[in-house]
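# Coordinate inspection notes
Below are the chains, spelled out letter by letter.
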Amino acid sequence: AILAQALHKSAPVLARTQEAMAAARLSTESESDSDSGDSVLSMDGFPSTCLTFKDLAFTAKLPKGESKTVLEPCSGHFESGELVAIMGPSGCGKTTLLDMLAMKKTGTYSGQVCVNGHKRHPVLFPRIAAYVGQEDQMPAHWKVREALEFNSALKCPPGDAGISRKVTASLILNLLEVFGLTGVADTYIGGEKVRGISGGQRRRVTLARGVAAQAPLLFCDEPTSGLSSTDASLCVRALRGIAKKMNVLILVVIHQPRREIVELFDKLVLLTSSPGRMAYFGSMAGAPLYMESCGHPVPCNSNPADVYLDLLTPGTEEDDSDALVSAFAEKQKPGLDIVVDAALGAKGLTAKELLIAAHHMNLQGSNEEGSDSKFKVRPYAVSFGTQLGVLLSRRARVTMRSPASMGMQLGMPTGMGILWGLLFQGICRKEFGMPQLLFIFMMLIMLSLQSLPMMSLFIDERAIMKRETSERLYSTGAHILSSFVIAVPVSLLGAMIQTLIILGFAGLQVDYLPTVLGWTLLLFLLFDSLYSCVAAAAPDGNQAMIIATPFLILCILFSGLIITKATAPVYLLWIFAVSPMRYAMQAIMVELAGPAPTAEGQGVLQSLNYVAGEDMMGVAVIACMIIILRVLQVVFMKFLNNLQK
């Protein structure tokens with residue numbers, strides 16, 4: 001009876017996947033075969049996308065070398081258009097299961113996960129899946145509408161931009177309405193120091209961004225956590241509508257929802273803890289009858305979720321988790337294994353075919369002509385140029401709106417320039433000597449410290465970048481280049497304003513301005529590259545300060561003023577050859593001394609071992625250091641501080 005029931009359930013799966021694969025093949029062969037794809041693209045949504053997993057298990061390695069089983073082997077099968085709830089007590093492996101299914105688990109795990117009977121493509125799977133984590137990390141000065149447009153723009157395939165603009169505009173309006181965000185569409189998202197939308201609205205924005213990615217698979221990790229009952233109900237109702245209307249398979253980890261929310265789910269996966277084991281896999285509507293057959297009827301007018309969790313939480317009075325796990329192994333697992341094996345054997349659309357079919361569906365749905373020949377399946381939905389353009393637009397808006405960012409990059413340098421100029425007013429009109437040396441030295445130190453406070457902002461941006469790049473919205477290179485194009489010119493402008501104000505108050509002659517300004521800005525670019533590189537590597541702001549400080553101290557000590565070649569140990573003389581501060585100080589002081597320096601000026605130069613003729617060497621050394629630091633920044637951003645799950 002179990003075998004007959006399983007085969008009966010698996011027959012539609014086999015029929016749909018075979019029909020879908022045939023339609024996709026025909027659609028890729030010729031544009032004239034549009035009718036042949038109607039079977040898979042007839043729905044007003046994504047092509048059929050089923051998810052199957054078998055013997056999925058995870059064992060964590062403890063610091064002392066011991067092992068802890070977090071989730072024992074479990075199997076299951078989900079179909080398109082289903083809204084699935086994964087429930088269980090704390091520590092049962094709900095999020096672990098979701099992360100393994102979503103290909104987000106960074107630790108080693110066993111088992112297999114297939115999409116339409118095919119193993120997940122390591123590069124293309126993030127294109128057909130979207131993941132909504134528990135954290136709502138977004139730029140504080142970003143607007144709600146812009147957040148949704150951002151994900152949609154970076155998931156819109158190339159070759160149909162005209163169509164995509166119309167589809168995107170309609171999609172954004174619908175998402176704002178469905179998630180109850182229309183009234184705050186043009187409000188800042190906000191954060192700890194920026195007033196914006198509420199926490200519940202911010203959570204809904206994160207969910208809407210996941211849907212705006214336009215993926216047939218959506219994974220949500222506790223999307224209702226921290227929300228009121230009303231907001232939680234609104235979110236789940238929106239997810240159900242999207243699952244049905246857009247044919248999206250949505251998996252949701254949820255913890256003890258209210259009764260009205262429970263009834264919205266199509267399928268239920270129940271896990272118990274210590275260790276994580278599957279206790280139920282089936283329809284949400286059929287769960288009460290199954291529990292009754294196991295000797296645990298659900299009382300009338302009670303919340304089924306409360307009853308299930310009471311039964312599956314070890315150590316409680318109602319705990320019957322071991323018996324329910326045994327009942328699952330006896331009643332459900334044999335039939336479920338047959339369904340899983342049948343689904344694994346039914347080869348449907350691959351990830352590449354899904355992307356091609358979705359592209360073909362967009363062209364048909366828009367009633368406009370498009371060329372499938374121009375469409376190519378790549379790791380990212382849009383080109384590097386499009387990624388860069390979208391990131392530049394966001395970066396420019398957020399930077400201009402942020403008082404802290406503009407204040408640190410323009411306001412603070414201007415104020416410090418005025419203060420410093422007043423302190424050293426007219427010093428360059430006096431005879432060259434030690435006062436001018438100290439003035440230049442202090443000015444270079446101040447410029448070298450200007451970008452230091454920006455490291456904390458870079459680290460905050462890095463956390464957002466890591467989450468967005470994990471969703472294949474854009475590449476790490478596009479993020480770094482967009483940051484360089486916006487942040488560096490603004491910071492350089494602040495350094496230039498500060499230097500010109502100081503030199504204007506100091507009374508520097510115009511003839512010396514190109515040399516002094518050129519070396520100060522070159523030195524600023526070097527330290528800006530250093531701080532950006534450190535911010536890319538350091539885990540947090542405090543450690544970034546600890547790492548950057550020794551480099552700064554070395555540059556100051558070996559500038560030739562504090563430690564000279566005559567006083568330095570022999571084994572440290574090589575540092576002078578690569579000291580950027582020494583080259584800048586030497587070039588500026590030699591220029592200010594002139595071709596015929598006074599006796600005092602000549603004595604100063606000789607005591608510091610400053611000589612003419614090393615300018616080109618200094619420029620080459622600093623330029624090489626900037627290039628090396630920027631390359632290391634890219635490497636560190638890509639391979640360090642990745643998300644750990």
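Structure report, in brief. (Residues numbered from 1 in each chain as written. Predicted model: local features only at pLDDT ≥ 70, side-chain atom pairs only at ≥ 80, totals over all residues. Heavy atoms only, no water.)

### Structural notes on the pairing of strand β1 (residues 51-61)
Here 8 bridges tie β1 to strand β2 (residues 67-78), and the two strands are oriented antiparallel to one another. Along β2, the bridge assignment pairs phenylalanine 53 with glycine 76. The antiparallel hairpin formed by β1 and β2 contains 5 residues in its connecting segment, where glycine 65 sits at a positive phi of about 95°. Where β1 meets strand β4 (residues 109-115), 6 bridges bridge the pair, whose relative direction is antiparallel. Each residue of the ladder has a partner; that of alanine 57, found in β4, is serine 110. (Pairing = 2+ DSSP bridges. Helix = DSSP H or I, 4+ residues; strand = E, 2+ residues; numbered from the N terminus.)

### Overview of unusual backbone geometry
With an omega of -5°, the peptide bond between serine 274 and proline 275 qualifies as cis. Examined against the element boundaries, proline 275 turns out to sit in the loop between β9 (267-272) and β10 (277-283). In this structure, glutamine 214 is a non-glycine residue whose phi angle is positive, near 55°. Among the secondary structure elements, glutamine 214 is positioned in the loop between α7 (199-212) and β7 (217-221).

### Regarding the sheet that holds β1
Spatially, β2-β1-β4-β5 is the arrangement adopted by the 4 strands of the open sheet, whose pairing is antiparallel. With one partner strand each, in any of the chains shown, β2 and β5 (118-119) form the two edges of the open sheet. Together, β1, β2 and β4 form the strand contacts of helix α3 (residues 94-101), whose direction differs from that of β1 by roughly 120°. Packing against the sheet, helix α13 (residues 333-345) makes contact with β1, β2 and β4, and its axis sits at approximately 70° to β2. (Contact = heavy atoms within 4.5 Å. Axes fitted to C-alpha atoms, helices over the stretch in contact; angles between N-to-C directions.)

### Some thoughts on the packing of aromatic side chains
The final tally for this structure, using the stated rule, is 9 aromatic pairs. Centroid distance tyrosine 280 to tyrosine 290: 5.1 Å. Interplanar angle 45°. Geometry classified as tilted. In this pair, tyrosine 280 is assigned in strand β10 and tyrosine 290 in helix α10 (residues 287-293), connecting sequence segments 10 residues apart. A relative accessible area of 9% places tyrosine 290 in the buried class. (Phe/Tyr/Trp six-rings, centres within 6.5 Å; stacked < 30°, edge-to-face > 60°. Buried < 20%, exposed > 50% of the residue type's maximum accessible area, 1.4 Å probe, protein only.)

### Section: a negative patch on the surface
Together, Asp310, Glu317, Glu318 and Asp319 make up a region of like negative charge exposed at the surface. Relative to the helices and strands, aspartate 319 resides in the loop between α11 (304-312) and α12 (321-331). Residue class for aspartate 319 comes out partly exposed when judged on its relative accessible area of 30%. (Patch = residues over 30% accessible without salt bridge, like charges linked within 9 Å, V, L, I, M, F, W, Y side chains within 5 Å. Areas by Shrake-Rupley, 256 points an atom, 1.4 Å probe, with all protein chains shown as cover. Salt bridge = Lys/Arg side-chain N within 4 Å of Asp/Glu carboxyl O. Lys, Arg positive; Asp, Glu negative; His and termini not counted. Charge placed at Lys NZ, Arg CZ, Asp CG, Glu CD.)

### A word on the sheet that holds strand β6 (residues 129-132)
Hydrogen bonds between backbone atoms are what pair the strands of a sheet, whose relative direction is either parallel or antiparallel. Taken in spatial order, the 6 strands make up an open sheet running β6-β7-β8-β3-β9-β10, and their pairing is mixed. Each having just a single partner strand, β6 and β10 make up the two edges of the open sheet. On average, each strand axis in the sheet is inclined to that of its neighbour by 15°, with strand direction left out of account. Contacts from α12 reach β9 and β10, with the element oriented near 55° to β10.

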